[in-house]
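Listed below are the residues making up each chain.
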Amino acid sequence: MNLRISFWVKNLQAFLLALFFCLPILSGAFLLSLEYEKIYIACNSVFAIFSIVVFLKIPKELRFYFGFFVGILLFYWIGFSFFYSPYPFLMPFVSVGVALIYAGILGLGLWVENLFFRAIMLYFLGYVHPFYFDWFLPQSFFAYSIFGVDNFSFLCILLAGIILANFTIKKIFFAGLLLVLAIFNTNFFAEYQIPFKISLSSTDIPQDARWDKDFIDSIIAQNFEKIDQAKKEKKEVVVLPETAFPMALNMQPYILEALKKLSKDIVIITGGMRLENYKSYNSTYIFTDNKVEIIDKVVLAPFGERIPLPDFLAKYFYKIFFGTQEGLESAQIPRDFILKNQKFRNAICYEGTSSLLYQDNPKYLIMISNNAWFFPSIEPYFQQILLKYRARKHGSMIFHSANFSNSMIIFPTLFSRIKQ
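Residues numbered from 1 in each chain as written. Predicted model: local features only at pLDDT ≥ 70, side-chain atom pairs only at ≥ 80, totals over all residues. Heavy atoms only, no water.

A. Highlighting a nonpolar patch on the surface. A cluster of nonpolar side chains, F167, I169, I172, F173, F174 and L177, forms an exposed patch at the surface whose accessible area comes to about 650 Å². By relative accessible area, F167 is classed as partly exposed at 47%. (Patch = residues over 30% accessible without salt bridge, like charges linked within 9 Å, V, L, I, M, F, W, Y side chains within 5 Å. Areas by Shrake-Rupley, 256 points an atom, 1.4 Å probe, with all protein chains shown as cover. Salt bridge = Lys/Arg side-chain N within 4 Å of Asp/Glu carboxyl O. Buried < 20%, exposed > 50% of the residue type's maximum accessible area, 1.4 Å probe, protein only.)

B. Region of interest: the packing of helix α2 (residues 23–33) against helix α3 (residues 37–57). Close contact between α2 and α3 brings their axes to 9 Å; oriented N to C, the two are set at 170°. In terms of orientation, α2 and α3 fall into the roughly antiparallel class. Here L23, P24, S27, G28, L31 and L32 of α2 come into contact with α3, specifically with E37, I39, Y40, N44, F47, A48 and S51. Residue classes in the contact of α2 with α3 are distributed as eight nonpolar, four polar and one charged. (Axes fitted to C-alpha atoms, helices over the stretch in contact; angles between N-to-C directions. Helix = DSSP H or I, 4+ residues; strand = E, 2+ residues; numbered from the N terminus. Parallel < 35°, antiparallel > 145°, perpendicular 65-115°, else oblique. Contact = heavy atoms within 4.5 Å. Nonpolar A, V, L, I, M, F, W, Y, C, P; charged D, E, K, R; others polar.)

C. Structural detail: the nonpolar core. Core analysis: the largest hydrophobic core is formed by 83 residues, its most contacted members being F75, W77 and F142. The element that contributes the greatest number of residues to this core is α3, accounting for nine residues. The residues touching F75, leaving out its near neighbours within four places in the chain, are V70, V98, Y102, F133, W135, F136 and F382. V239, I368, M397 and F399 belong to the second-largest nonpolar core, a separate cluster that totals 22 residues. (Core = buried A, V, L, I, M, F, W, Y, C linked by side-chain atoms within 4.5 Å.)

D. Quick look at the packing of aromatic side chains. A complete count under the given rule lists 40 aromatic pairs for this structure. With centroids separated by 5.5 Å and ring planes inclined at 80°, the aromatic side chains of F15 and F69 adopt a geometry described as edge-to-face. Pair noted here: F15 is in helix α1 (residues 2–21) and F69 is in helix α4 (residues 63–75), with a separation of 54 residues, a long-range link. Given the relative accessible area of 15%, F69 is considered buried. Each ring, one from F142 and one from F147, has its centre 6.2 Å from the other, and the planes form 85°; the classification is edge-to-face. When its relative accessible area of 5% is taken as the criterion, F147 is described as buried. It is R63 that lies over the ring of W111; its NZ or CZ is 4.2 Å from the centre. (Phe/Tyr/Trp six-rings, centres within 6.5 Å; stacked < 30°, edge-to-face > 60°. Lys NZ or Arg CZ within 6 Å of the ring centre and 35° of its normal.)

Now the structure itself:
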C-alpha cells in the first residue's frame with residue numbers, strides 16, 4: 001500500500017511541477033486566445049522566471065515523471081493529426097510516445113541536482129530536436145516577456161535562476177541585477193510602415209472537409225470571394241492560407257488562369273499542392289501581373305509530411321498512413337520572392353518556426369498555415385509564441401495567414417504600432 005501511495009504522490013508532485021514549468025506556454029494559449037496580449041506579457045515576465053527556477057529545483061527522483069508530464073502538457077496535440085489517418089485509435093499512443101521521448105530527454109537533463117549542471121543542460125536542451133521536431137525551446141518561453149530572447153539575456157536569466165533557486169536575502173540583489181541586464185536587449189516599442197496594403201485571410205475549414213470532394217467547389221468559391229473582397233477594400237496583396245486550394249493546383253488550368261487574370265489587379269498568394277513527375281510538394285503560389293511563381297516547402301513536418309526514419313521503415317509507415325510508399329518532397333533551401341520592390345521569405349506552417357528560415361535574418365516573411373489538423377488544442381498559440389520568439393530574435397516581421405486560427409502580423413518588438 002505504501003508503495004502505491006508513494007507512486008501516486010510522485011506522479012502528482014511531478015505533474016504539478018511540470019504544470020508550473022509549462023506556465024509560459026499554457027498561460028499564453030489561454031490569454032492569447034482571449035486576445036489579452038499585454039496581460040500575458042505582464043504575467044509571463046514572472047511565469048518564465050518561475051519556470052526556470054522550477055526546472056533547477058526538481059527533485060532528482062521525479063525527473064522522468066516530470067519529463068513525461070512536460071511532454072504531455074506541451075505536445076499532447078501532436079497525435080491529433082492521426083484522427084484523419086486510417087488509424088485514429090493511434091492518437092493517444094502517439095501522444096504518450098512523444099511524452100516518453102521527453103521523459104528521457106528531460107530526465108537526462110535533470111540527472112544530477114547541481115544547479116550549474118542543470119542550467120547548462122537547460123540551455124542546450126533547446127538544441128535537442130527529436131525526429132527534427134524543434135518546438136521545445138526554453139528561450140521561447142520569454143517571447144512574450146520584458147526580457148530579451150538573445151543568448152546573453154538567457155544566460156543572465158539562468159544565472160539569476162541559480163541564485164533564486166538557492167535563495168538568500170543577501171544574494172537577491174545579484175539576481176535582480178542579472179535580470180535587469182536581461183532586459184537591456186529588449187526592443188520594447190516601434191512604429192512600422194507596412195510595405196503595401198495587405199489582406200491576411202483567415203478561413204475556418206475543418207480538416208475533414210478540406211479533402212472531401214463534396215466540399216471542393218464551395219472551398220474554391222470561398223477563396224475567390226476572399227480575393228474579391230480584398231479587391232473591393234483596395235488591397236494590393238491578398239494572402240490565403242496553406243493548401244487553401246486543397247489540390248495539385250498546377251494541374252488545374254482553369255483555376256490557374258482565373259487566378260492569373262485576377263492578379264492583374266491584386267497580388268494573390270495562396271497555398272496549394274504541386275505535382276511533378278509523380279512527386280507531390282506543399283507549395284506557395286504567387287500570382288502577380290498574370291504570372292505565377294511557385295515556391296515549395298523546405299522543412300516538412302515530421303510524421304505529418306515526412307517520416308523521419310530510414311527508408312525501409314519510412315516506406316512501411318507511408319503505406320499505412322498515406323496509402324503510398326513516398327511522402328511529400330521538399331525544396332533544398334529557403335527561397336525569397338519580390339513584391340513591390342521588397343524581398344520576402346516564403347514560409348509554410350511548420351517551417352515558419354524553424355531556425356533554418358531565419359539564418360540570414362530576413363526582414364519580412366509571408367507565412368501560410370493550416371492549423372485545422374490540431375483543433376482544438378494549444379497548437380496555434382504555441383505556434384504564435386514561437387513566431388514571436390523568431391521575430392524578436394531575428395528582427396523579422398511575419399505576415400501570417402492561417403486556417404482555423406487567427407491571421408496576424410507578428411512584429412519584432414514587444415509592442416508595436418502601424419504607421420498610418
